Amino acid sequence: MRQSFHCMPTLFAVLLAGALSACSTPSTSVVYQHEEFDSASTYSRSFAASAGETCEAARRALLSQGYLINQAKSDLVDGRKNFQPNSDNHVQLVFRIVCVADASGKGSTAFVSALEDRYALKKSNNSASLGVGGLGSISLPFSSSDDSLVKVASETIPTGKFYQRFFVLVERYLEPDSRNTPNAGDDINTTAQSLPSQK
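The rules behind these values
- Residues numbered from 1 in each chain as written.
- Predicted model: local features only at pLDDT ≥ 70, side-chain atom pairs only at ≥ 80, totals over all residues.
- Heavy atoms only, no water.
- Phe/Tyr/Trp six-rings, centres within 6.5 Å; stacked < 30°, edge-to-face > 60°.
- Buried < 20%, exposed > 50% of the residue type's maximum accessible area, 1.4 Å probe, protein only.
- Pairing = 2+ DSSP bridges.
- Helix = DSSP H or I, 4+ residues; strand = E, 2+ residues; numbered from the N terminus.
- Expected span 1.5 Å × (residues − 1).
- Arc of directions from axis to C-beta.
- Axes fitted to C-alpha atoms, helices over the stretch in contact; angles between N-to-C directions.
- Parallel < 35°, antiparallel > 145°, perpendicular 65-115°, else oblique.
- Left-handed = near helix turned anticlockwise from the far one by under 90°.
- Contact = heavy atoms within 4.5 Å.
- Nonpolar A, V, L, I, M, F, W, Y, C, P; charged D, E, K, R; others polar.
- Polar contact = N/O pair within 3.5 Å; in protein donor to acceptor, adjacent residues only side chain to side chain.
- Salt bridge = Lys/Arg side-chain N within 4 Å of Asp/Glu carboxyl O.

Trainee: Which residues make up the packing of aromatic side chains, and what values go with them?
Mentor: Tallying each qualifying case throughout the model produces seven aromatic pairs. Judged by centre distance (5.4 Å) and plane angle (85°), the rings of phenylalanine 162 and tyrosine 163 are edge-to-face. On the accessibility criterion, phenylalanine 162 (1% relative accessible area) is buried. You can call tyrosine 163 buried: its relative accessible area is 3%.

Trainee: Break down the pairing of strand 2 (residues 68-72) for me, citing the residues and quoting the values.
Mentor: Bridge count for strand 2 against strand 3 (residues 76-86) is four bridges, and the pairing is antiparallel. Within strand 3, the position partnered with leucine 68 by the bridge is arginine 80. Hairpin geometry of strand 2 and strand 3 is characterised by an intervening segment of three residues between the two adjacent antiparallel strands.

Trainee: Outline helix 2 (residues 51-64), listing residues and values.
Mentor: Over its 14 residues, helix 2 extends 20 Å from the first C-alpha to the last, a length consistent with the 20 Å expected when each residue adds 1.5 Å. By the burial criterion, the buried members of helix 2 are Ala51, Thr54, Cys55, Ala57, Ala58, Ala61 and Leu62. Buried residues of helix 2 fall within an arc of 155° about the axis and therefore sit on the same side.

Trainee: Mind laying out the packing of helix 2 against helix 3 (residues 161-174), listing which residues take part and the relevant values?
Mentor: Interaxial distance between helix 2 and helix 3 falls to 8 Å at its minimum, and their mutual angle equals 115°. Relative to helix 3, the element helix 2 lies roughly perpendicular. As helix 2 packs across helix 3, the resulting crossing turns out to be right-handed. Of the residues in helix 3, those touching helix 2 at Glu53, Thr54, Ala57, Ala58, Arg60, Ala61, Leu62 and Ser64 are Phe166, Leu169, Val170, Tyr173 and Leu174. Residue classes in the contact of helix 2 with helix 3 are distributed as nine nonpolar, two polar and two charged.

Trainee: Give me the side chain of glutamine 92: which residues, what numbers.
Mentor: Here glutamine 92 shows up in strand 4 (residues 89-101). Using a relative accessible area of 16% as the deciding quantity, one classes glutamine 92 as buried. A polar atom in the side chain of glutamine 92 sits 2.9 Å from the side chain of asparagine 82. Setting aside anything within four residues of it in sequence, one finds glutamine 92 in contact with Arg80, Lys81, Asn82, Leu115, Glu116, Asp117 and Tyr119.

Trainee: Just give me the short version of the pattern of salt bridges, but keep the residues and values in it.
Mentor: Scanning all chains against the criterion turns up five salt bridges. One salt bridge in this structure joins glutamate 116 and arginine 118, with 2.6 Å as the shortest N-O distance. Looking at arginine 118, the relative accessible area reads 28%, which means it is partly exposed. With a closest N to O distance of 3.9 Å, aspartate 117 and lysine 151 form a salt bridge. With aspartate 117 in strand 5 (residues 108-132) and lysine 151 in strand 6 (residues 136-156), this residue pair connects regions lying 34 residues apart in the sequence. For lysine 151, a relative accessible area of 45% gives the class partly exposed.

See the structure below:
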């Protein structure tokens, strides 16, 4: 019995140290906890057109805004567009549209997501040196630099006005007079610098 009482202070000290270390550890925000799967904030819109017609309208909508089409099928469209906010930063928007026919066969739903990739220019200086027999290495008074773009962030643009403008433009291309060029005010975006305020 005496041995168990002698061990109690040591055990209590170990538990106390563990509790204090847990309290001192900074809490990190887990991203997936913010996913509410709310039906009101889905990345989709229903159209009174077939899946093929909806994806074709989405393809034309992206083309009208200067997007390069990577892939275009009757049920899938991929497009991308590059931005240069300043000399050291590069932004690329990647659109992916999946068109699914409704069970009734009278319409379709377009599921859309846009990925924003950000790149930064990283510079690395390489000093030049020359090996001379008997003298070793001699440093030369000039250097070369290698510049490369490195991805620093990647985020799916959240639902909001950004997608609403895109869906309005798709609807415009589904209209009978869709051969007319949409107004400039229907642009999905103008510059990468204004993206945060448009989300």
